[in-house]
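# Architecture at a glance
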Amino acid sequence: MAGYLAQAWAVARKDLLLETRSRERSVSMATFAMLVAVVFSFALDPTVRSTDIAGAMLWVTVLFAGTLGLGRSFALEREADALVGVLVSPVPRGAVFLGKFLANLLVVLAVEVVIFPVYALFFGLELGRALGGLALLVFLATVGFMALGTLFAAITAHTRHGESLLPILMLPLLIPVVIFAASATQRLLVGRPLAEVQGNLRMLLAFDLVILFVCTAVFGAAVEE
């Protein structure tokens with residue numbers, strides 16, 4: 001198990017080092033998210049309280065910004081045709097998936113650290129009073145998002161219209177994550193207690209465990225096809 005996790009971390013470390021040097025995905029996602037926040041701030045009717053729809057606005061932004069980054073997560077392997085080399089290496093397919101998943105997760109979490117304060121600034125949201133619950137909620141929702149996204153990004157990496165196919169294949173399966181995350185975020189932002197969203201958190205945790213297990217198990221067969 002230690003060797004398996006070390007191999008997964010080696011894959012994740014490689015992707016994170018490349019992202020640290022280029023900042024291609026993180027900058028594009030953060031820029032996109034800020035532009036969406038600006039558009040929402042001007043489009044919102046002054047008679048509508050921003051806190052009433054903040055949860056939906058936040059997760060729409062996270063969803064599309066994350067999808068933008070996922071579309072480039074296998075760019076190097078696609079451009080250099082290196083995925084075949086990875087697959088024929090002695091590294092287990094599951095470790096490759098977990099490494100790519102972990103790198104994507106950390107990049108998107110870093111972008112979310114920017115997105116939430118930007119929305120708090122533009123829409124007057126008070127994040128401090130529910131910071132712990134929001135952090136746990138965002139982490140659980142992002143884990144499920146990135147697990148599914150990493151699998152489908154690998155599947156579509158070598159197709160002609162991969163970046164267009166990715167959201168078509170992935171977004172319908174993310175509906176449970178978006179529903180539970182947006183509703184729980186909305187309740188926390190208006191000051192509801194954490195106990196009120198425990199059901200949402202449990203559902204997100206169950207979704208994460210199932211999706212991580214399934215995606216790790218089928219990754220090898222999916223990319224070989």
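As a starting point, this report considers the structure included with it. Because the structure is a prediction, the values reported are computed rather than measured. (Residues numbered from 1 in each chain as written. Predicted model: local features only at pLDDT ≥ 70, side-chain atom pairs only at ≥ 80, totals over all residues. Heavy atoms only, no water.)

### A closer look at the overall build of the protein chain
Let me state the cut-off plainly: Only DSSP runs of H or I with at least four residues qualify as helices, and only runs of E with at least two residues qualify as strands; both kinds are numbered from the N terminus onward. Think of it in three bands: residues with accessible area under 20% of the maximum for their type are buried, residues over 50% are exposed, and the middle band is partly exposed, with areas taken using a 1.4 Å probe on protein chains only. Contacts are assigned to residue pairs that have any heavy atoms within 4.5 Å of one another. The Shrake-Rupley method, run with a 1.4 Å probe sphere, supplies the accessible areas, and residue values consider only the shown protein chains as cover. When charges are counted, Lys and Arg contribute as positive and Asp and Glu as negative, whereas His and the chain ends are disregarded. A single reference atom marks each charge: NZ on Lys, CZ on Arg, CG on Asp, CD on Glu.
The number of helices and strands found in the protein chain is 10 helices and 0 strands. Helices (α) and strands (β) of the protein chain occur, in sequence order from the N terminus, as α-α-α-α-α-α-α-α-α-α. When its C-alpha atoms are laid out on the principal axes, the protein chain stretches across 60 × 35 × 30 Å. In the protein chain, which comprises 225 residues, the proportion classed as buried is 45%. In the protein chain, once contacts between residues fewer than 6 apart in sequence are set aside, the share between residues at least 24 apart is 83%. Put simply, the protein chain shows about 11100 Å² of open surface, and 70% of that area lies on carbon and sulfur atoms. Averaging the positions of the 15 positive and the 15 negative side-chain charges in the protein chain gives two centres separated by 3 Å.

### Here's the deal with the nonpolar core
Put simply, the rule is: Each nonpolar core is a collection of buried residues, namely Ala, Val, Leu, Ile, Met, Phe, Trp, Tyr and Cys, held together in the definition by side-chain atoms within 4.5 Å.
Core analysis: the biggest nonpolar cluster contains 64 residues, and Tyr119, Leu125, Phe145 and Phe219 have the highest contact counts within it. Residue assignment for this core shows that the elements contributing at least two residues are α1 (2-22), α2 (24-43), α3 (54-70), α6 (93-123), α7 (131-156), α8 (162-170), α9 (175-189) and α10 (198-224).

### Looking at the pattern of salt bridges
Counted only if it meets this: In what follows, salt bridge is the name for a side-chain nitrogen of Lys or Arg lying within 4 Å of a carboxyl oxygen of Asp or Glu.
Throughout the structure, instances matching the rule amount to 4 salt bridges. Arginine 25 is the partner of glutamate 19 in a salt bridge, and the nearest nitrogen-oxygen pair spans 3.7 Å. A relative accessible area of 9% places glutamate 19 in the buried class. Where salt bridges share partners, they join Lys14, Asp15 and Lys100 into one cluster.

### Re a nonpolar patch on the surface
The following threshold applies: Residues enter patches when their relative accessible area tops 30% and they take part in no salt bridge; the joining distance is 9 Å for like charges and 5 Å for the nonpolar side chains Val, Leu, Ile, Met, Phe, Trp and Tyr.
On the surface, a cluster of nonpolar side chains totalling about 320 Å² of accessible area is made up of Phe32, Val60, Phe64 and Leu68. For the nonpolar patch, the leading source of residues is α3, giving 3 residues. Mapped onto the elements of the fold, leucine 68 is located in helix α3.

### Details of the packing of aromatic side chains
What characterises a pair of aromatic rings is the spacing of the ring centres plus the angle enclosed by the ring planes. Basically, it comes down to this: What counts as a ring pair is set by centres within 6.5 Å for rings of Phe, Tyr and Trp (its six-membered ring), and what kind of pair is set by the plane angle: stacked under 30 degrees, edge-to-face over 60, tilted for all other angles.
Tallying each qualifying case throughout the model produces 4 aromatic pairs. Look at tryptophan 59 and phenylalanine 116: their rings are 6.5 Å apart centre to centre, the planes differ by 75°, and that puts the pair in the edge-to-face class. In this pair, tryptophan 59 is assigned in helix α3 and phenylalanine 116 in helix α6, connecting sequence segments 57 residues apart. No difference in accessibility class separates tryptophan 59 from phenylalanine 116, as the two residues are buried. For the pair tyrosine 119 and phenylalanine 123, a centre-to-centre distance of 5.4 Å together with 25° between the ring planes defines the contact as stacked. Of this pair, tyrosine 119 and phenylalanine 123 both sit in helix α6, 4 residues apart, which is roughly one turn of that helix.

### Some remarks on unusual backbone geometry
Positive phi, close to 55°, is recorded for arginine 23, a residue that is not glycine. Among the secondary structure elements, arginine 23 is positioned in the loop between α1 and α2. Of the residues examined, arginine 23 reaches a relative accessible area of 48% and is grouped as partly exposed.

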